[in-house]
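Take a look at the letters that make up each chain.
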Amino acid sequence: METIWQGVKEAIHLLYTRDPETLRITFLTLRVSGLATLISVLIGVPLGILLALSRFPGRRVLISLVNTGMALPPVVVGLWVSIFLWRNGPLGFLGIMYTPAAIVVAQTVIAAPVVAGFTVAGISQLDPQLTLQLTALGASRWQLYWLLVREAKLSILAAVIAGFGAVVSEVGASTMVGGNILGQTRVLTTATVMEVSKGNYSLAIGVSIVLLLLAYAVTFALTLLQQRGRQPWLMR
Amino acid sequence: MHFRSLAAIALALVMTVGCTAKETKPDATTPLANPDVILATTTSTQDSGLLDVLIPLFQKDTGYKIKPIAVGTGAALAMGEKGEADVLLVHAPADEKKLVDSGAAIERRLVAHNDYIVVGPKEDPAGVKGTKTAAEAMKKIADAKVIFISRGDDSGTHKKELSLWKTAGVKNEGQWYQQTGQGMGQTLNVANEKLGYTLTDRATFLSLQKNLSLEMLLEGDAPLLNIYHVMLVNPAKFRKVNAEGAKAFHAFLLSQEGQEAIGQFGVEKYGKPLFFPDGGKTEEQLTATK
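Each value, and the rule that gives it
Residues numbered from 1 in each chain as written. Chains lettered and ligands numbered in written order. Predicted model: local features only at pLDDT ≥ 70, side-chain atom pairs only at ≥ 80, totals over all residues. Heavy atoms only, no water. Helix = DSSP H or I, 4+ residues; strand = E, 2+ residues; numbered from the N terminus. Buried < 20%, exposed > 50% of the residue type's maximum accessible area, 1.4 Å probe, protein only. Contact = heavy atoms within 4.5 Å. Areas by Shrake-Rupley, 256 points an atom, 1.4 Å probe, with all protein chains shown as cover. Axes fitted to C-alpha atoms, helices over the stretch in contact; angles between N-to-C directions. Left-handed = near helix turned anticlockwise from the far one by under 90°. Nonpolar A, V, L, I, M, F, W, Y, C, P; charged D, E, K, R; others polar. Domains from an automatic or database assignment. Buried area = accessible area lost by both parts, 1.4 Å probe. Salt bridge = Lys/Arg side-chain N within 4 Å of Asp/Glu carboxyl O. Arc of directions from axis to C-beta. Parallel < 35°, antiparallel > 145°, perpendicular 65-115°, else oblique. Phe/Tyr/Trp six-rings, centres within 6.5 Å; stacked < 30°, edge-to-face > 60°. Lys NZ or Arg CZ within 6 Å of the ring centre and 35° of its normal. 1 Å grid on protein atoms, 1.4 Å probe; cavity = no way out; pocket = protein on both sides within 12 Å on 5 of 7 lines; lining within 4 Å. Points joined across faces, edges and corners; volume = space filled by probe spheres on them. Pairing = 2+ DSSP bridges. Polar contact = N/O pair within 3.5 Å; in protein donor to acceptor, adjacent residues only side chain to side chain.

### Regarding the overall build of chain B
For chain B, the helix and strand inventory stands at 13 helices and 10 strands. Counting all 290 residues of chain B, 53% fall into the buried class. In chain B, 76% of the contacts between residues at least 6 apart in sequence involve partners at least 24 apart. Taken as a whole, chain B presents about 12,800 Å² of accessible surface, with 55% of it coming from carbon and sulfur.

Given below as C-alpha cells:
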C-alpha cells in the first residue's frame, strides 16, 4: 500500500511540477498514437465500407481476416515491422528504425484492422433499404458513402476509440521498433516497463497514472464527439 | 482510386514524422553527416543507470545522438552480426571473440569490469554463505533443489551462469530451475518474490537493492569477473554502419573523460563505484591481477 501511495504522490508531483521529461514523453505518446490512429482511420474506414457494401467472392474470408487482425498481438507486429525496417531489411532504405515513425507504422498495423472491423460491423448494421433509398433519391457514389458514414457515426467513433485504445496501451511493438530511447522514442508504456525493471516502482506508478489520464482525456473527447447532438432515435 | 490516394496520404504522413524526427536539434555547432549512432548494449548498463550518465556527456561533447538499444548481450551481438548496430558495449568475452573472428566486429577494447555475485534469500536454505567458489555455491543450490531464477535470455549474465553450472558439474534442470527470459532488473524482482537465488552483476544489484530483500551471499571468486568490452561493427562488411559516429563513441569510452565518468558512477549514491574503468588494459592483465 505504501508503494501505491508513493506512486500517487509521484504522479501528482510529475503533473504539478510539469516535469519536462514526463511532458515530453506524454506529448510523444499522444503524437505517435494519435497519428497512428488517424492513419488507421484513413485506411480502415474506407476499407470497412468497401467490405461492408461490396459483394465479391472471398469477401467473407477477407472480413474474417480483418476480424482476426483486430486481435493482432503487438509483439508479433513489432517483430515483423522490425524485420522490414532493419537497415538491411526490405524497407531499410527508409532509415526509420528506432524513430517515432517506426512506432507509428507498427501502431498503424495494429489499429487499422480494429478500425476496419468496427466499420464493417457498423455499416453492415444499417438498414439495407437505406442504401437503396439514397441511391433512388439520386445520391452519387461519394454522397452515398458520406451519408452512410454519417449514419454509422456512433460505430465509427467507437472504432476510433478502440483503435486509439489499442495503440496507446501497447508496449511490445513500441519497444521493438522504437527502442525506448530517451528523448526520442520513449513513450509512456515503455517508460513504465523500464522504470519497473530499474526498481523505481513509485515513478513507474506515477507514469502509469499519467498514461491512464491521457487515455481517459482522449477517450472523453472522442465520446463527446460521438454523443454530440444525439437525440433519442424515435424523435429523429 | 480513392483508396490508393488515401494510402499515399498515409505514407506521406509517416514520412513527415520520420523526417521531423530526424531534424530535431543536433546539439553540436557543426552539423554531422549522420548523427544517429545505434549502440547495442546489455540491460545492466541501462538498469544500473550508467548510460544515463555516459550518453549525455558524449552527446554534449560531439553532437552525435546515441540510440541505446538495451537488450541482452546475446541479442546485442546478434545485432552486430547483422550490421543492425554501429557500436557494441557488451560483456560476454568468449562470444565477442567469435564475432571479431567472423569479421563482423573490429577494434575490441576493454572498457571496464565489475563482478557477478550470487544473491539469495536471507534464510539461505542452500547454505551458500561461507562457500568459497562459485562452483561450490552452484552445486549446493542444485543439491538442495531450491529455486534458482535464471535470466534465460542468452545475455552475458546468462552465459556466465551456464558456464558456472558446467564448472560445478551439475545439471541445471528441474522444478527448482526457472528462467525469466527478461533483463537483470526484472529477474532480480522475480527472485525476490519467489525467494530464489540468482546470479547478478553487482551494478544492477546495488542499484535495485532498496527494493529487494535478497542478500549478497557470494562474491570475489575469480570466475565471477564481469568484463565489458566495446567493439565497432565492421563498416567494411556493412556499408550502412555509421562508422564515424561509432568510432567517436568508442574513443569516448576509452578517453580519460569517459573512463573517469565510469569510475565515478555510483560513488555518490552508493559510496562505492559500480564499474571499475580498465581502458588500455588487456584481459590477461585484468585476470592476472585478480
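Back to the write-up after that little detour.
### As for the overall build of chain A
Along its length, chain A carries 11 helices and zero strands. Here the C-alpha coordinates of chain A stretch approximately 65 × 50 × 25 Å along the principal axes. By the burial criterion, 46% of the 236 residues in chain A qualify as buried. Carbon and sulfur atoms make up 70% of the accessible area of chain A, which totals about 12,100 Å².

### Side note on the packing of helix α2 (residues 20-53) of chain A against helix α5 (residues 100-124) of chain A
Residue and element names in this part refer to chain A. Relative orientation of the contacting elements α2 and α5 amounts to 35°, with a least axis distance of 6 Å. Our pair here, α2 against α5, has a crossing hand that is right-handed. Taken together, the residues of the contact of α2 with α5 break down into 22 nonpolar, eight polar and no charged.

### A closer look at the domain arrangement of chain B
One frequent convention defines the size of an interface as the accessible area lost when the parts assemble. Residues and elements named next belong to chain B. If you check the domain split of chain B, you get domain 1 (33-113 + 227-289) and domain 2 (115-224). Each of domain 1 and domain 2 has a C-alpha centre, and the two are 25 Å apart. On the side of domain 2, 17 residues touch domain 1, which itself brings 15 residues to the contact. Both sides of the domain 1 and domain 2 interface together cover about 1,200 Å² of buried area, and 59% of this is carbon and sulfur. In this structure, Asp-95 engages Lys-159 in a salt bridge whose closest nitrogen and oxygen atoms are separated by 3.0 Å.

### Observations regarding helix α5 (residues 93-101) of chain B
Residue and element names in this part refer to chain B. Taken together, the buried positions of α5 are Pro-93, Glu-96 and Leu-99. In an axial view of α5, the angular spread of the buried residues amounts to 115°, which keeps them on one side of the axis. Of the residues in α5, the exposed ones pointing more than 90 degrees away from the buried face are Ala-94, Lys-98 and Asp-101.

### A few points about the pattern of salt bridges
This structure, assessed with the given rule, holds 15 salt bridges over all chains. For the salt bridge of Arg-87 of chain A with Asp-86 of chain B, the shortest nitrogen-to-oxygen distance reads 2.5 Å. Of the two residues, Arg-87 of chain A sits in the loop between α4 (74-85) and α5 while Asp-86 of chain B sits in the loop between α4 (73-81) and β3 (87-90), which places them in two different chains. Ionic pairing is found between Asp-153 of chain B and Arg-151 of chain B, a salt bridge with its closest N-O pair at 3.1 Å. When salt bridges that share partners are traced, they join Asp-95, Lys-98, Asp-154 and Lys-159 of chain B into one network.

### A short note on the packing of α2 of chain A against helix α8 (residues 153-168) of chain A
Residue and element names in this part refer to chain A. Running from amino to carboxyl end, α2 crosses α8 at an angle of 140°, the nearest separation of the two axes being 9 Å. By the angle between their axes, α2 is oblique relative to α8. Handedness of the α2/α8 crossing: right-handed. Each of Thr-29, Leu-30, Ser-33, Gly-34, Thr-37, Val-41 and Val-45 in α2 lies in contact with α8, whose residues at this interface are Ile-156, Val-160, Gly-163, Phe-164, Val-167 and Val-168. Taken together, the residues of the contact of α2 with α8 break down into eight nonpolar, five polar and no charged.

### A few points about the environment of Val-100 of chain B
All names here are of chain B. Tracing the backbone shows Val-100 in helix α5. On the basis of relative accessibility, which here comes to 29%, the residue Val-100 falls in the partly exposed class. Spatially, the C-alpha atoms of Val-100 and His-113 are 20 Å apart, while their sequence positions differ by 13 residues. In this structure Val-100 touches Ala-105, Arg-108 and Met-231, once residues within four positions along its chain are discounted.

### Some thoughts on the packing of aromatic side chains
For the structure on display, the rule yields 13 aromatic pairs over all chains. Ring plane angle 5° and centroid distance 6.1 Å describe the contact between Phe-58 of chain B and Tyr-64 of chain B, whose orientation is recorded as stacked. With a relative accessible area of 9%, Tyr-64 of chain B lands in the buried category. Three or more aromatic residues joined by ring pairs make a cluster, and in this case those are Phe-58, Tyr-64, Phe-249 and Phe-252 of chain B. Taking NZ or CZ as reference, Lys-82 of chain B lies 3.4 Å from the ring centre of Trp-86 of chain A, over its face.

### Things to note about empty space enclosed by the protein
All chains considered together, the criterion is met by two cavities of 30 Å³ or more. Size it by volume and the largest cavity reaches roughly 60 Å³. Lining the largest cavity, in full, are Thr-45, Leu-50, Leu-54, Leu-89, Val-111, Ala-112, Tyr-228, Leu-253, Ile-262 and Phe-275 of chain B. Looking at the lining of the largest cavity, the elements with two or more residues in it are α3 (50-62) and β4 (105-120) of chain B. Looking at the lining of the largest cavity residue by residue, the class counts come to nine nonpolar, one polar and no charged. Each pocket or cavity is described by its volume, and for the second largest cavity that value is around 40 Å³. Around the second largest cavity sit Thr-29, Val-32, Ser-33, Ile-103, Gln-107, Val-167, Val-168, Glu-170, Ser-174, Val-187 and Thr-189 of chain A, which together line it.

### Regarding the pairing of strand β9 (residues 225-233) of chain B
Residues and elements named next belong to chain B. Among the nine residues of β9, nine are classified as buried, and the element is accordingly described as predominantly covered. Along β9, one buried face is formed by Leu-225, Ile-227, His-229, Met-231 and Val-233 and the opposite face, lined by Asn-226, Tyr-228, Val-230 and Leu-232, is buried too. Alignment of β3 against β9, held across four bridges, turns out to be antiparallel. What sits directly across from Val-87, in β9, is Leu-232. As paired elements, β4 and β9 share eight bridges and run antiparallel to each other. Bridge pairing in β9 places Arg-109 opposite Val-230.

### Some points on the interface of chain A and chain B
In this assembly, 35 residues from chain A lie in contact with 39 residues from chain B. Summed over the shared surface of chain A and chain B, the result is two salt bridges. Between Asp-52 of chain B and Lys-198 of chain A there is a salt bridge whose closest N-O contact spans 2.9 Å. On inspection of chain A and its partner chain B, the count reaches 11 residue pairs in polar contact (both at pLDDT 80 or more). The set of elements that each furnish at least two residues to the side of chain A that touches chain B consists of α2, α5 and α10 (188-197) of chain A.

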